[in-house]
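The chain contents come next:
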Amino acid sequence: MPDNRREYALNAVLALGLLLVPLWAYWAGSPFTITVFTRIAIFALAAVGLNIALGLGGMVSFGHAVYFGVGGYVAGIAAQHAFNGETFLGIAGANQMLIIWPIAMIAAGLLAAVIGAFSLRTSGIFFIMITLAFAQMVYYFAISWPTYGGEDGLPIYVRNTFPGLNTMRPWNLFILCWCLLMLAIGAFALIRASRFGAALMAIRQNPDRVAAVGISPFGIKLAAFVISAMITGLAGALMADLSRFASPAAMAWTMSGELIVIIILGGTGRLFGPVAGAAVLVGFEVIFGGMTEHWRLWLGLVLLLTVLFARGGIVTLIAGRERLG
Amino acid sequence: MADPVLSLSHLSKSFGALKATDDVSLTLMPGEIHALIGPNGAGKSTLIGQISGRIAPDAGTITFKGRDITGLSVAQRARLGLGRSFQISSLIPEYSARRNVMLGLQARQGHSFRFLKPVMRDRRLKEEAGAILSKVGLAGRASVPSAELSHGERRLLEIAVALALEPACFLLDEPMAGMGAEGVGALVDFLRGLKAQAPILLIEHDMDAVFALADRLSVLVYGRIIASGSVEEIRNDPAVREAYLGDSE
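Along each chain, numbering runs from 1 in the same order as the chain's sequence is written. Throughout, the order in which chains and ligands are written sets their labels, letters from A for the former and numbers from 1 for the latter. Where local features are concerned, this predicted model is filtered to residues with pLDDT of at least 70; where side-chain atom pairs are given and counted, the filter is 80 or more; whole-chain, interface and lining totals use all residues.

**So, unusual backbone geometry**
Then step 1. The backbone of Arg-244 of chain A shows a phi angle near 50°, a positive value even though the residue is not glycine.
Then step 2. Secondary structure elements are taken from DSSP: a helix is a run of H or I of four residues or more, a strand is a run of E of two residues or more, and numbering for both begins at the N terminus. Topologically, Arg-244 of chain A is positioned in the loop between helix H9 (217-243) and strand E4 (245-246).
Then step 3. Here Tyr-222 of chain B, not a glycine, exhibits a phi torsion of approximately 50°, which is positive.
Then step 4. Along the chain, Tyr-222 of chain B turns up in the loop between strand E9 (216-221) and strand E10 (224-229).

Laid out in C-alpha cells, this is it:
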C-alpha cells in the first residue's frame, strides 16, 4: 500500500512531468522533444507490463521483447494491408488503432499463454533461459518470413488512425500513449491491491506456503504472465506506430534486457518505477547517444551503481521501501 | 468405531538405496492427537512431504475424508482441508502477521482470481484475521511483517494460518521447535483445545509436550513404524526404549 506521502508526491511529479514537458514542447514547437517523451511513455508502458510478471510475481522473464515485437508486427501488418487496400483478419481498413490494440493484446496474450504454460513449470535460471529461448525462436521466425519484411522489418507508411485525432501529429500520438500508460498504471495498482495480487506477491516470496494454504501457484502465475504480456504487446503496437516501422529488432533479446533494466533502475514492483526507469533509459539514449555510439556504457555504469548502492531503484531511493501491509 | 479422517496405507518411498519410508500405515481418528515421534533421520520429513503432497510415494495410498488423495497436488489437498504448519517457519516474509492470516482466509474462500476489490480494505477479512490472531495471542503484533517477528511468534503465526484454513485435520510439523519452555507450555494448552476442532497429526521432538498431549503415539525408526499405541504402551515398549528413548538403566 503506498500510504507513503513521498511516494504519492514522486508519482505525481513523474506523471505530470511526463505530460507537461511535451505540452511545453508543443507550444515551443519542438516535435523532437515530444517524440522523445512518447518513447519514454511507450517504454514505460511495456515495462509496466513486465512489472506485473517480474515485480509482483518474481518471474524474471528474459523474453518479454517477443510480446513487444508481436504487438509491433500486428500494427505493421494491419497498416500494410490497409495501405494496399486489402483486408486483415477479414477486416477491411483495419488501420484503426481501436481494432489493432485488442488484436495486438490478444496475440501477445495467446503467445504468453503457450510460452508460460511451458516455462512456468520451471523457476530461477531455467525460467530465464526458457523464456529467452522461446523469444529467440519467434525472433528468428520473424526475420525469416519474407511476406512481412523478413530481416528488413515492415515500414508503416501511414500511421494507424484513432477517431478524432491525427496520429501523424506528434502531440496527438503522445497524448494517446500517455493516457494508455496511466490506464495501465491504474490497472497495475488495482491488480496489486486485489486478492489476485495478494496471492501473486505471496507466490514471489514463498510459493510453497501459498500452495500449502490451497492456492495453486501455477494458475495465478500463468494469469499474471498473460496479463503482463498483453500490456507489453500494446506498447509494442504503439512503438511501431511511433517509429512507423515494425522491427524484428524489437523482439531481440537486447530489448528484453532493456525492459528488465528499466524496471531495476526504476524500482522493481513499484507503481511508477517503470516511468522513472524509462525516463533514465531514454534520457541516456538521447543525451549520450548523440555524443557516442557507446552510450550504453554509461547506462551500464548507472545500472551497476543502482544494483550496488540503491537496490530498489529510483523510487525506493526517493520514497523509501515499500511496506506491503 | 468412526472412520479415520486421514489414513496412510502401506506407504513406501525410497531415495536410491535408502528406504526413507518403509511400508508405513497409520490412521488419524476424529478428535484425537496422534503424535509421530522418531530420532533424526527416521524419515519424518519424507513422510510429512508425502502426506502434504510435496513428495510422491513409490507405493501405497493416502486416504483423506474417505477419498484417495495420493495423486493430488499440495494445493488440492489443502483445499480439501489438510492444514499444515511447517517445521521451519514458512511464512510470507514481507506480509504482516495479519496479511499472512488473510491469505489463508482468502484461500479458504477460494476467491483468488479477483482483480478489482482492494483486499486490505476488506473489513470483514481483516476482522476475521484479527480474531484468529487473538486466539493465538498475536493480536498486538498484527501489523508487524512476519520477517520481523520473533521465532516463537512465527511459530504461533504458523498455527494461526493453519487455523484460518479451518481444516478437517491439522498436520503440525514440530510446532514447538526452538520455543522456550514458557512458550511450549502455552502451546500445549492451546493444542489440547484445538483437537476438538479437528484432529491433529503432531510431529514433535519435545517429548514432554508429546507425552502431555498425545492420545496415541507412533514411533518411526529408519522409515518404519516400530510401535504404535497409547503413551503408557510406548513408554514401556522395550524396542522403543532401545531405539529412541534411550534405556538409561
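**Brief notes about the sheet that holds strand E7 (residues 169-173) of chain B**
All names here are of chain B.
Then step 1. Across the sheet, which stays open at both edges, the 6 strands sit in the order E6-E7-E8-E3-E9-E10 with mixed pairing between neighbours. In this open sheet, the two edge strands, each paired with only one partner strand, are strand E6 (82-85) and E10. Direction aside, the axes of adjacent strands within the sheet are offset by 15° on average.
Then step 2. What makes two strands pair is DSSP finding at least two bridges between them. As defined by bridge partners, E7 adjoins strand E8 (residues 200-203) across 4 bridges and the pair is classed as parallel. For Asp-173, the partnering residue across the bridge sits in E8 and is Ile-203.
Then step 3. The strands touched by helix H1 (residues 44-52) are strand E3 (33-37), E6, E7, E8 and E9; relative to E7, the strand with the most contacts, the crossing angle is about 150°. Only the stretch in contact is used when fitting a helix axis, every axis being a line fitted to C-alpha atoms; angles between N-to-C directions are given from 0 to 180 degrees. Throughout, a pair of residues is in contact if the C-beta atoms placed from their backbones lie within 7 Å.

**Digging into H9 of chain A**
Residues and elements named next belong to chain A.
Then step 1. Each residue after the first adds 1.5 Å to the expected span of a helix. The end-to-end C-alpha separation of H9 is 39 Å, in line with the 39 Å expected for 27 residues at 1.5 Å each.
Then step 2. Any residue with 12 or fewer other C-beta atoms within 10 Å of its own C-beta is exposed, any with 20 or more is buried, and the rest are partly exposed; the C-beta atoms used are placed from the backbone. For H9, the buried fraction is high: 23 of the 27 residues fall into the buried class.
Then step 3. Looking at the residues trailing H9, positive phi occurs at Arg-244, about 50°.

**A few points about the interface of chain A and chain B**
Then step 1. The partner chain B presents 31 residues to the 23 residues of chain A that form the contact.
Then step 2. Those elements giving two or more residues to the side of chain A that touches chain B turn out to be helix H6 (170-193), helix H7 (195-205) and helix H8 (207-212) of chain A.
Then step 3. The element that contributes the greatest number of residues to the side of chain A that touches chain B is H7 of chain A, accounting for 6 residues.
Then step 4. Counted by class, the side of chain A that touches chain B contains 14 nonpolar, 6 polar and 3 charged residues. Classification used: nonpolar for Ala, Val, Leu, Ile, Met, Phe, Trp, Tyr, Cys and Pro, charged for Asp, Glu, Lys and Arg, polar for all others including Gly.

**A short note on the pairing of E8 of chain B**
Then step 1. Burial along E8 of chain B is two-sided: the residues Ile-200 and Leu-202 of chain B and Leu-201 and Ile-203 of chain B are all buried.
Then step 2. For the segment spanning E7 of chain B, helix H6 (residues 181-194) of chain B and E8 of chain B, crossover handedness is right-handed. Crossovers are described as right-handed under a simple rule: with the strands pointing away from the observer, the path leading from the first strand over the helix to the second runs clockwise.

**Some thoughts on the nonpolar core**
Nonpolar side chains in soluble globular proteins tend to be buried together.
Then step 1. Note on terminology: a nonpolar core is a set of buried residues of type Ala, Val, Leu, Ile, Met, Phe, Trp, Tyr or Cys, with members joined through C-beta atoms within 7 Å. Ala-41, Leu-45, Val-74, Ala-104 and Leu-234 of chain A together with Ala-160 of chain B are the most contacted members of the largest nonpolar core, which has 189 residues in total.
Then step 2. Viewed by domain, this core spans two of them, domain 1 (1-81 + 167-249) and domain 2 (93-166) of chain B, each represented by three or more residues.
Then step 3. Once residues within four sequence positions are removed from consideration, Ala-104 of chain A is found in contact with Gly-71, Val-74, Ala-75, Gly-233, Leu-234, Gly-236 and Ala-237 of chain A. By convention here, the domain bounds are inherited from an automatic or database domain assignment.

**Quick look at the domain arrangement of chain B**
Residues and elements named next belong to chain B.
Then step 1. Segmenting chain B into domains produces domain 1 (1-81 + 167-249) and domain 2 (93-166).
Then step 2. Between domain 1 and domain 2, the C-alpha centre-to-centre distance is 26 Å.
Then step 3. Domain 1 puts 9 residues into the contact, and the matching count from domain 2 is 9 residues.
Then step 4. Here the residues of the side of domain 1 that touches domain 2 are counted per class, giving 6 nonpolar, 3 polar and no charged.

**What to know about the sheet that holds strand E4 (residues 59-64) of chain B**
Residue and element names in this part refer to chain B.
Then step 1. Strand order in this open sheet of 4 strands is E2-E1-E4-E5, and the pairing throughout is antiparallel. Whereas interior strands pair on both sides, the edge strands pair on one side only; in this sheet they are strand E2 (18-28) and strand E5 (67-68).
Then step 2. The pairing of strand E1 (residues 6-15) with E4 spans 5 bridges and is antiparallel. Pairing of Ser-7 across the sheet is with Thr-63, part of E4.
Then step 3. With respect to the sheet, H1 is in contact with E1, E2 and E4, its orientation differing from that of E2 by roughly 60°.

**Thoughts on the environment of Asp-23 of chain B**
Residue and element names in this part refer to chain B.
Then step 1. The residue Asp-23 is located in strand E2 in this model.
Then step 2. Remark: the alpha-carbon pair of Asp-23 and Val-221, spanning 198 residues in sequence, is separated by 12 Å.
Then step 3. Ignoring anything within four residues of it in the chain, the contact list for Asp-23 reads His-10, Ser-12 and Arg-224.

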